[in-house]
Amino acid sequence: MNLSTDHLAIRTTCAYCGVGCGVQATPRDDGTFAIAGDKLHPANKGRLCVKGSTLGETVGLEGRLLYPQVRDADGLHRVSWDDALGKVADAWKDIIAEHGPDAVALYVSGQLLTEDYYVANKLMKGYIGSANIDTNSRLCMSSAVAGYKRAFGEDLVPVCYDDLELADMVVLVGSNTAWCHPILFQRILKAKEARPEMKLVVIDPRRTATCELADLHLPVKAGTDVWLFNGLLSYLSRIGAIDPRFIGEHTNGFDAALNVANADCADPAAVAKICRIELPLLLEFYELFAATARTITAYSMGVNQSSAGTDKANAIINCHLIGGRIGKPGMGPFSITGQPNAMGGREVGGLANMLAAHMDLERAEHRDVVQTFWESPAIADKGGLKAVDLFKAIEEGKVKSVWVIATNPVVSMPDADQVRRALDKCELVISSDIMQDTDTTAYADVLLPALGWGEKDGTVTNSERRISRQRAFLQAPGEALPDWQILSLFAQRMGYSGFDFCGQHGVFDEHARLSGFRNAVSDVPRAFDMSGLAGLNQREYDDLEPAQWPVRRNAAGKLQTEVRLFKDGVFAHADGKARFIATAPRLPRHAVSEDYPLSLNTGRVRDQWHTMTRTGKSATLADHIAESFVDMHPQDALLSGVKEGELARVTSEWGAMVARVQHGGGIPRGSVFIPIHWSGQTASDARVGAVVNPVVDPVSGEPEFKHTPVRVEQFRVNWHGFILSRDEVNLDSIAHWTRIQGREFARYELAGRNTIKDHAAWARALLGVEDLDADWLEYEDKTAGVYRAVHVVDDRIAQCIFLSPRQDMPSRAWLASLFAREQLSEIDRVGLLVGMPVEKGADTGPTVCSCFGVGRNTICNAIIEKDLKTVPEVTVCLKAGGNCGSCVPEIKKILVQTRVEAEEARL
Ligand code: SF4
């Protein structure tokens, strides 16, 4: 009998993107937890993408930071919490006394729970009296915040996920939704399946996986989005696709915005030229937009991460305001956030230019509301340092101490080598983290262990304003504490009252009460109001169901929420009207040049998250894309003197890194794409942040991650190789390496500049196999410079190493499969010596479908042998694409390529 264990499941939320999927963690008999989608959560209704599905692979304690530590001349030493926090409190008191409150800073993260964020913000702005708290959300969505604030008067997301399904057209701008918000993308595709007439338009310089399933792809030149949307505004006005009553009664600034749009963008041919898209394609989009009232324009990093990011957001919003396409089902501008709790951070004022509960630092009445509610000794009255300026001020010695919480700025910031220099110079660096060794913790003078996903408990808010509980289901490891508690204990050591919370429930209650405090039309009104959730008892907080704000109680005490804002056409500006913003188009600050002829675009890959401190632990996720790459057009590669599969150095005015060249097929001439995930822990030299320019948007302070002038050159090496090993290998002597997590082993991709005279001796020394009697199978072709060796222990493969002057080496997928064998067979041993699998089908190829572990070769073989013609046929045959669907665009591409190649071979 199959007994359901659903009643044992703990309902929580995913740790990764802003979709905010509900997750169920169900205990197994062996003490581990089965992870599945929460069918009751409205964001995902039971589905999870591969990152969410593999959360269980990331909760092990390997590499965890478990105890407070303080650094002295001999290195880090374990200390008590009391000593660690006492050291920080003493230092901060001295620094503040001598240099003032702006000489200290917090740099926090969209990974924090709302309760953590709330306490950090209260501490900094209400007690230390400085707004020097910024967050890594500055790097991903601060332009969207600024755009909403300028247009609506408050940071308000007008739409909800259901609107994506209700729309007749979804326009995705600068968003590889298929990879970065996979469950939302699946919801859009399902709606399109049910209503094939629904249109999907993608505006993106790259032909991403998202484009594979779009009706229209506009490969707009990076940085020209404002021309495109100003052109649309001008076009809509010209053809009369406007709502004059809505414009007149509910908006201001129309004429000025239209005049600016008309000045440069009235002629579609001129717009098409600057955006580098075909005129008919541009007009097709304009006509579709004009004809489709129910349109959602969803945007993310491609819009936000720009020196004109705020203007881009407003240019989009203008095109919705002109037709009154807002506040009704299936329409509106929709910023999709990157991080799991970027929205929660926005609610509590986690950015340096915001106050708590959507109030403004610059407004005296807002400061009064917050300070009165907190009964705090101080209140910051001017904006603090935004991320890029903060690290500059640290390097200049103006900020003497920084406390970095749940983020890795040495990898993720632009001009990341500057961040290194800043932390190196900083008098006192404190880092609260879940991992012992990160590129940032290496600079910490005080290390504080924080709880991670599965251990911590609180709330997060997703991209559609939905507050959900993230619940603990694992024991707190070592002496790790929740971030809100670490900060509260520290505040108490500083001598502040107001931090004696009874638990995260108490913090949440205070946050909810503040949102409703003096929040009435006659007082200081704000649309952000979750006062309906104030006064919950512990049980009610524990059982809290996902709820969208605003959430208030009516006279009868019943909770009332609003799924969609601005239904009544009333906005949050004092006059109740929305603002058109005049957005004069401008190109990225730094133009490409002879020295740096290519434009670098950065972003995520499907199966990794941020700097891989968590996803890097999962072998399933590592299977998809193992190494950092520089994706470029073949002609640009030719001109740069690099070849696909080879390593290349990518250099900008700010720094350099090394990645493997690939031609993904989606990159236009003149630009390159590099993923953001690899750090000093996972590769020798693959931090793309070191290359990115530190230019920021003047309004939002968000960096220009989508455009940095670079050059690409050959990274010369003498040999290539790789290792698979059950034990860690020290690679300090190797010119270039990447570490990839496997199941029961680690894989290292290598390239060296040294000359190896004695391959066997060198390989044995590197792998630590000095015993000449060890079971060591080897093959060497001295003339060709090819060497391979396998170290076998108790009939199981323990390590293997392959070296060659060329790139053509055996399949890693096949070798990885041998590590799962209890015993190597004779056929396996023969295969190892000849350097290829002897059995047919043993080489499954690189993983395409991570959910079911289906490799490219398996898919190609099935397409040919079983004559598969469609993605559903592939799914029925192999399961691939049948779970989260993130790989469906890739399968579609493989299907087309394989069938074309087979046809060409037949002819
Ligand atoms: S889409 Fe994937 S990564 Fe994002 S919240 Fe859902 S499961 Fe997590």
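Relevant structure appears above.
First, a word on scope: everything that follows refers to the structure included in this document. Computed from a predicted model, the values in this text were never measured in an experiment.

1. Description of the overall build of the chain
Here comes step 1: A count of helices and strands for the chain gives 30 helices and 36 strands.
Here comes step 2: Taking the principal axes of the C-alpha coordinates as reference, the chain spans close to 85 × 70 × 70 Å.
Here comes step 3: Relative to its full complement of 907 residues, the chain shows a buried share of 62%.
Here comes step 4: Once local pairs closer than 6 in sequence are excluded, the contacts in the chain between residues at least 24 apart make up 71%.

2. So, the pattern of salt bridges
Here comes step 1: Tallying each qualifying case throughout the model produces 55 salt bridges.
Here comes step 2: Across the pair Asp215 and Lys192 runs a salt bridge whose closest N-O atoms are separated by 2.9 Å. Of the two residues, Asp215 is situated in the loop between β9 (199–203) and β10 (216–218) and Lys192 in helix α7 (residues 182–194); the sequence distance between them amounts to 23 residues.
Here comes step 3: Linking Arg466 and Glu464 is a salt bridge whose minimum nitrogen-to-oxygen distance equals 2.9 Å. Here the two residues Arg466 and Glu464 agree in accessibility, since each one is buried.

3. As for the packing of aromatic side chains
Here comes step 1: Taken as a whole, this structure holds 29 aromatic pairs when the rule is applied.
Here comes step 2: On the basis of an interplanar angle of 90° and a centroid distance of 5.0 Å, the ring pair of Trp403 and Phe490 is categorised as edge-to-face. Taken as a pair, Trp403 in strand β14 (residues 401–405) and Phe490 in helix α20 (residues 483–493) lie far apart in primary sequence, 87 residues in all.
Here comes step 3: Judged by relative accessible area, which is 0%, Trp403 ranks as buried.
Here comes step 4: For Phe490, a relative accessible area of 0% puts it in the buried group.
Here comes step 5: Taken together, the ring pairs in this structure connect Tyr148, Phe152, Phe246, Phe566 and Phe571 into an aromatic cluster.
Here comes step 6: Positioned above the aromatic ring of Trp549, the side-chain terminus of Arg465 is 5.8 Å from the ring centre.

4. Some remarks on the sheet that holds strand β2 (residues 22–27)
Strand pairs in the sheet, formed through backbone hydrogen bonds, run parallel or antiparallel to each other.
Here comes step 1: Strand order in the open sheet formed by 3 strands is β1-β2-β3, and the pairing between neighbours is antiparallel. Strands with a single pairing partner mark the edges of an open sheet, and in this sheet they are β1 (10–13) and β3 (33–37). This sheet shows a mean twist of 30° between the axes of neighbouring strands, independent of strand direction.
Here comes step 2: The sheet contact formed by β2 and β3 spans 5 bridges and is antiparallel. If you follow Pro27 over to β3, its bridge partner there is Phe33.

5. Observations concerning the side chain of Thr583
Here comes step 1: Examined against the element boundaries, Thr583 turns out to sit in the loop between β22 (578–579) and β23 (598–603).
Here comes step 2: Exposure remark for Thr583: the relative accessible area of 1% places this residue in the buried category.
Here comes step 3: Beyond its immediate sequence surroundings of up to four residues, Thr583 is in contact with Val226, Asn230, Val260, Asp311, Asn314, Ala315 and Asn318.

The rules behind each value
Residues numbered from 1 in each chain as written. Predicted model: local features only at pLDDT ≥ 70, side-chain atom pairs only at ≥ 80, totals over all residues. Heavy atoms only, no water. Helix = DSSP H or I, 4+ residues; strand = E, 2+ residues; numbered from the N terminus. Buried < 20%, exposed > 50% of the residue type's maximum accessible area, 1.4 Å probe, protein only. Contact = heavy atoms within 4.5 Å. Salt bridge = Lys/Arg side-chain N within 4 Å of Asp/Glu carboxyl O. Phe/Tyr/Trp six-rings, centres within 6.5 Å; stacked < 30°, edge-to-face > 60°. Lys NZ or Arg CZ within 6 Å of the ring centre and 35° of its normal. Pairing = 2+ DSSP bridges. Axes fitted to C-alpha atoms, helices over the stretch in contact; angles between N-to-C directions.

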